[in-house]
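Here is how the chains run, residue by residue.
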Amino acid sequence: MQTKRMTFPGRWLPYALLAPQVIVTLIFFIWPSLQALYMSLLREDAFGLNTSFVGLANFRRLFADTYYLDSLSVTAVFAIGTTLLSMSAALLLATTVNRMLRSRNGYTTLLVWPYAIAPAIAGVLWWFIFNPSIGIVPYVLEMLGYRWNHRTSGTDAMALVIIAAAWKQIAYNFLFFLAGLQSIPQSLIEAAAIDGAGPVKRFWTIVFPLLTPTTFFLMVVNVVYAMFDTFGVIHATTQGGPAQATNILVYKVYADGFVGLNLGSSAAQSVILMAIVVALTVVQFRFIERRVNY
Amino acid sequence: MVEHRPLSQLAAHLILIAGVALVLFPVYIAIVASTQAPGEFLRGTLPLVPGGHALENYRAMWESGLSRAGAPPVGQMLFNSLVMALAITLGKLAISLLSAFAIVYFRFPFRLFFFWLIFVTLMLPVEVRIIPTFQVVADLGMLNSFAGLSIPLIASATATFLFRQFFMTVPEELLEAARVDGAGPLKFFKDILLPLSVTNIAALFVILFIYGWNQYLWPLLITTDSDYYTVVMGIQRMTTAADGDPQWHLVMAAVVMAALPPVLVILFMQRLFVKGLTETEK
């Protein structure tokens, strides 16, 4: 990795400059992570008096535990649902805004502000709108012949958290899609138009393929968001229920460890999550090195 | 536009208006709900036009909160959120600027090692190491304190990378000129590098402030004393504690107040926000 051609001399100064960042990193990031690794190999008895080394038993148990396997698939459904919903809505809005000349900035302003809303607050907002007794959407659904109740129906609860999580993320995806669209050379689109391709055909044969790098990047970011940043959505609304239907991995780590005090199992879940983040980060950075292209 | 088609232009506007309406809908409902009288929700359906009780609801939440649900006054929680968000933002900016400066402008043993150490923090979000991090903070006696709310979150790989990238684009001649004139590293940092970085610092400030304000899991873990509740986590207490009958008109007043500061930051600093967002992710 490069520095400037010319650098400052100094033996202690660079270490002093790095010290605050490195100390915080070591104490609050590295040390707890090592602890999680270590704890994942231990088991505590019910009273917390004895701990014994159990090797990989915590992991073996997890993968034999139907609750954990359910949580894995719940997380997959949640992440894929959130990503698809949020990205397709954002792509539709971004391509449409991109056609506008005078009103582009106005629409952009109106569409980006939900980025500022905390996931937990997004959850509470939609929780209220979908409230089975007073919410506005269940009232409409009732007239259409569907009894909405996210307190008893797992499907309803999952739909609710997906909508809340996706709603908050539309702004982010929208901005990146818009930036991607604006970097596509206008001449390509004009050439296709002269050859007689209509707007829909132009979108699928020219615009969408050229957006591949943006789309791929956003897919990774959205999956990371859905898996790790949506704790607030779940905790402020369904709390994993009903009957584990929205118990995503991050929420389960919290519930098992902090509420259920099952430290070994929670630590093992932490380690699995870390492996997932590492994998996703590697995918993201490798992709940034050489962008997907033809 | 390539061709002129009034009809498709009209359709485009309709799509956008529907999109904007859908995006605004939850917040509109929240604002309407926050202006209702207490009994309004018992009738079974939510009114769609604002009621006349805005002032008293907002004042009640600002001054006294929902004591039955164990939530302190919103005014106080907003203050706590502001302190936490600013501490996280300024802390992240300060330590990232310093470490990027060290990495770009010095050659020293283990430089690469430190770079990777900072990089690794990207892969260790709080969510995946909840309990051991809580233990460290508890052992240090930082539960229920502003230090505990902010310091563990101020390590930042993204900010460090952004500043590193920016420093690499600063012309070499500036450094040479400064050295010829006899400026030491700290003087160069303060008088040349910092002024050049102002736009980047401002853009990052917007993003980090929103990040700090919206923290949820961390305050939830380490605050048991309601004096330190932040507003985003406090709202959750209000919705669950008064189970069966959350006082929605009051809860929604708190929601609106909690969401307002970061939304205003985005609306008033939209250009910086877009710059910060698109650059931190590269």
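Residues numbered from 1 in each chain as written. Chains lettered and ligands numbered in written order. Predicted model: local features only at pLDDT ≥ 70, side-chain atom pairs only at ≥ 80, totals over all residues. Heavy atoms only, no water.

Observations concerning the overall build of chain A
- In terms of helices and strands, chain A carries 13 helices and two strands.
- Viewed in the frame of its principal axes, chain A has a C-alpha envelope of about 75 × 75 × 30 Å.
- Buried residues in chain A amount to 55% of all 294 residues.
- If you take every contact in chain A between residues at least 6 apart in sequence, the share linking residues at least 24 apart comes to 67%.
- If you sum the accessible surface of chain A, you get close to 13300 Å²; carbon and sulfur atoms cover 65% of it.
- Treating the 18 positive side-chain charges of chain A as one cloud and the 11 negative ones as another, the clouds have centres 13 Å apart. (Helix = DSSP H or I, 4+ residues; strand = E, 2+ residues; numbered from the N terminus. Buried < 20%, exposed > 50% of the residue type's maximum accessible area, 1.4 Å probe, protein only. Contact = heavy atoms within 4.5 Å. Areas by Shrake-Rupley, 256 points an atom, 1.4 Å probe, with all protein chains shown as cover. Lys, Arg positive; Asp, Glu negative; His and termini not counted. Charge placed at Lys NZ, Arg CZ, Asp CG, Glu CD.)

Some remarks on a nonpolar patch on the surface
Residues and elements named next belong to chain B.
- The grouping of L260, L264, L267, F268 and M269 at the surface amounts to a nonpolar patch, some 470 Å² of accessible area in total.
- Mapping L267 onto the fold places it in helix α13 (residues 248-268).
- In this structure L267 comes out as partly exposed when scored by relative accessible area, which is 35%. (Patch = residues over 30% accessible without salt bridge, like charges linked within 9 Å, V, L, I, M, F, W, Y side chains within 5 Å. Salt bridge = Lys/Arg side-chain N within 4 Å of Asp/Glu carboxyl O.)

Considerations on helix α7 (residues 157-169) of chain B
Residue and element names in this part refer to chain B.
- Compared with the 18 Å implied by 1.5 Å per residue over 13 residues, the 19 Å span of α7 between its first and last C-alpha is a close match.
- Residues A157, A159, T160, F161, L162, F163, R164, F166 and F167 constitute the buried set of α7.
- Structurally, the start of α7 carries an N-cap: the backbone nitrogen of A159 is 3.1 Å from a side-chain oxygen of S156. (Expected span 1.5 Å × (residues − 1). Polar contact = N/O pair within 3.5 Å; in protein donor to acceptor, adjacent residues only side chain to side chain.)

Some points on the environment of L218 of chain A
Residue and element names in this part refer to chain A.
- Relative to the helices and strands, L218 resides in helix α10 (residues 212-228).
- When the C-alpha atoms of L218 and W113 are compared, they prove to be 18 Å apart, with 105 residues separating the residues in sequence.
- Not counting chain neighbours up to four residues away, the residues in contact with L218 comprise M87, Y172, N173, F176 and F177.

Some remarks on unusual backbone geometry
- A positive phi angle, near 55°, is found at Q239 of chain A, a position not held by glycine.
- Within the element layout of this structure, Q239 of chain A appears in the loop between α11 (231-236) and α12 (249-259).
- Judged by its relative accessible area of 35%, Q239 of chain A falls in the partly exposed class.
- Positive phi is not limited to glycine here, since N144 of chain B has a value of about 50°.
- Mapping N144 of chain B onto the fold places it in the loop between α5 (130-139) and α6 (146-150).

A short note on the interface of chain A and chain B
- Counting from both sides, the interface comprises 95 residues of chain A and, opposite them, 114 residues of chain B.
- Of the roughly 9900 Å² buried between chain A and chain B, counting both surfaces, carbon and sulfur atoms make up 77%.
- In this structure, the connection of chain A to chain B is made through zero salt bridges.
- Summed over the shared surface of chain A and chain B, the number is 14 residue pairs in polar contact (both at pLDDT 80 or more).
- Sorting elements by how many residues they give to the side of chain A that touches chain B places helix α1 (residues 13-39) of chain A first, with 21 residues.
- Residue composition of the side of chain A that touches chain B, grouped by class: 68 nonpolar, 22 polar and five charged. (Buried area = accessible area lost by both parts, 1.4 Å probe. Nonpolar A, V, L, I, M, F, W, Y, C, P; charged D, E, K, R; others polar.)

Comments concerning the packing of aromatic side chains
- This model, assessed by the stated rule, comprises 40 aromatic pairs over all chains.
- With centroids separated by 5.1 Å and ring planes inclined at 70°, the aromatic side chains of Y15 of chain A and F108 of chain B adopt a geometry described as edge-to-face. Of this pair, Y15 of chain A sits in helix α1 while F108 of chain B sits in the loop between α3 (74-105) and α4 (111-120), placing the two residues on different chains.
- With centroids separated by 4.7 Å and ring planes inclined at 35°, the aromatic side chains of F101 of chain B and F189 of chain B adopt a geometry described as tilted. On the criterion of sequence distance, the pair formed by F101 of chain B in helix α3 and F189 of chain B in helix α9 (residues 185-196) is long-range, its members being 88 residues apart.
- For F101 of chain B, a relative accessible area of 0% translates into the label buried.
- With a relative accessible area of 10%, F189 of chain B lands in the buried category. (Phe/Tyr/Trp six-rings, centres within 6.5 Å; stacked < 30°, edge-to-face > 60°.)

Structural measurements only, silent on function.
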